[in-house]
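An overview of the molecular structure
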Amino acid sequence: MTEKVVVDDMTMKRALTRITYEIIERHKGIDDIVLIGIKTRGIYLANRIAERLKQLEGKDIPVGELDITLYRDDNHVNEHDTPEVHASNIPFSIEDKEVILVDDVIFTGRTIRAALDAIMDIGRPEKISLAVLVDRGHRELPIRADYVGKNIPTSKTEQIIVSVEEYDGKDEIKIKQLN
């Protein structure tokens, strides 16, 4: 199994900055925006985008954390195998807000479908958008990202591995060849 770094820390920072500028450009103001990061790495990316929005627009944007474990359709749970659930933390109302879901990679679309179900159980936002650091293709559901940091086409025998400083100790994106 070979691994190759395809995005370094500076390129990753530029991709997140590009996403931030696109968010600003598409909105007249950012007052009704909230960011919700999908656990695990999406939370750190959402916090970085919020920090950059504050630098550029001078406003604090609420950031929440979403755990989609119980909403996934690929958890084949039997009586001996219970998924590990972490609490979501969304300490603000999403009613009549534009929720921007943030995740590290979009692949089949199933994670995002689960996140949409989880969001709708929390409240009724005005709109839901999606920001991802990497779009690698291979959708199984009709879901697309509104904001994309990098498009990295892959084969199904490859895996994208995103590392973030806050969780993994470094910022980089690698492609790993599976057998």
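Below you will find a few notes about this structure. (Residues numbered from 1 in each chain as written. Predicted model: local features only at pLDDT ≥ 70, side-chain atom pairs only at ≥ 80, totals over all residues. Heavy atoms only, no water.)

**Notes on the overall build of the protein chain**
As a reminder, the rule being used: Only DSSP runs of H or I with at least four residues qualify as helices, and only runs of E with at least two residues qualify as strands; both kinds are numbered from the N terminus onward. Our radius of gyration looks at C-alpha atoms and nothing else; its globule reference is 2.2 Å times the residue count to the power 0.38. Three exposure classes are used, based on accessible area relative to the maximum for each residue type with a 1.4 Å probe and protein chains only: buried under 20%, partly exposed in between, and exposed over 50%. Should any heavy atoms of two residues lie within 4.5 Å, those residues are considered in contact. Using the Shrake-Rupley algorithm and a 1.4 Å probe, accessible areas are obtained, with residue cover drawn only from the displayed protein chains. Asp and Glu count as negative and Lys and Arg as positive, but His and the ends of the chain are not part of the count. Note on charges: their place is set at NZ of Lys, CZ of Arg, CG of Asp or CD of Glu.
Counting its regular elements, the protein chain contains 4 helices and 8 strands. Scanning the protein chain from its N terminus toward the C terminus, one meets helices and strands in the order β-α-β-α-β-β-α-β-β-β-α-β. Against the 2.2 N^0.38 benchmark of 16 Å for 179 residues, the protein chain shows a C-alpha radius of gyration of 16 Å, consistent with a compact globule. By its C-alpha atoms, the protein chain is 45 × 45 × 30 Å across when sized along the principal axes. Expressed as a percentage of the 179 residues in the protein chain, the buried residues total 44%. Taking contacts inside the protein chain between residues at least 6 apart in sequence as the whole, the part at least 24 apart equals 70%. Accessible surface, the protein chain as shown: approximately 9800 Å² in total, 45% of it carbon and sulfur. The distance from the centre of the 26 positive side-chain charges to the centre of the 34 negative ones in the protein chain is 5 Å.

**A few points about the sheet that holds strand 1 (residues 3–7)**
Going by this rule: In short, DSSP must find at least two bridges between two strands for them to pair. Only the stretch in contact is used when fitting a helix axis, every axis being a line fitted to C-alpha atoms; angles between N-to-C directions are given from 0 to 180 degrees.
Overall, antiparallel pairing links the 3 strands, which are arranged 1-8-7 in an open sheet. Each edge of the sheet is formed by a strand with only one pairing partner; in this case those strands are strand 1 and strand 7 (158–163). Geometrically, the sheet is characterised by an average inter-axis angle of 30° between neighbouring strands, direction not taken into account. Here 6 bridges tie strand 7 to strand 8 (residues 172–177), and the two strands are oriented antiparallel to one another. Paired with Ile160 across the strands is Ile175, a residue of strand 8. Lying over the sheet, helix 1 (residues 9–26) contacts strand 1, strand 7 and strand 8, oriented at roughly 45° with respect to strand 1.

**Regarding unusual backbone geometry**
A cis geometry characterises the amide bond from Lys39 onward to Thr40, with omega recorded as 15°. With respect to the helices and strands, Thr40 occurs in the loop between strand 2 (33–38) and helix 2 (41–57). A positive phi is found at Asp96, a non-glycine position, where the angle reads about 60°. In this fold, Asp96 is placed in the loop between strand 3 (63–66) and strand 4 (98–106). The exposure class assigned to Asp96 is exposed, which follows from its relative accessible area of 55%. One non-glycine residue, His138, lies in the positive phi region at around 70°.

**Considering the sheet that holds strand 6 (residues 147–151)**
Taken in spatial order, the 5 strands make up an open sheet running 3-2-4-5-6, and their pairing is parallel. Two strands bound the open sheet, and with one partner strand each, they are strand 3 and strand 6. Pairwise comparison of adjacent strand axes, ignoring direction, gives a mean angle of 25° for this sheet. Sheet analysis places strand 2 next to strand 4, joined by 5 bridges and oriented parallel. Each bridged residue has a counterpart across the sheet, and for Val34 the counterpart in strand 4 is Val99. Its contacts with the sheet place helix 2 against strand 2, strand 3, strand 4 and strand 5 (127–135), and it is angled at close to 155° to strand 2.

**A closer look at the environment of Arg144**
Defined as follows: Between N or O atoms, a polar contact is any pair within 3.5 Å; within protein, one atom must be a potential hydrogen donor and the other a potential acceptor, and residues adjacent in sequence are included only when both atoms are from side chains.
Considering the arrangement of structural elements, one finds Arg144 in the loop between strand 5 and strand 6. Of the polar contacts made by the side chain of Arg144, one reaches the side chain of Asp146; its length is 3.4 Å.

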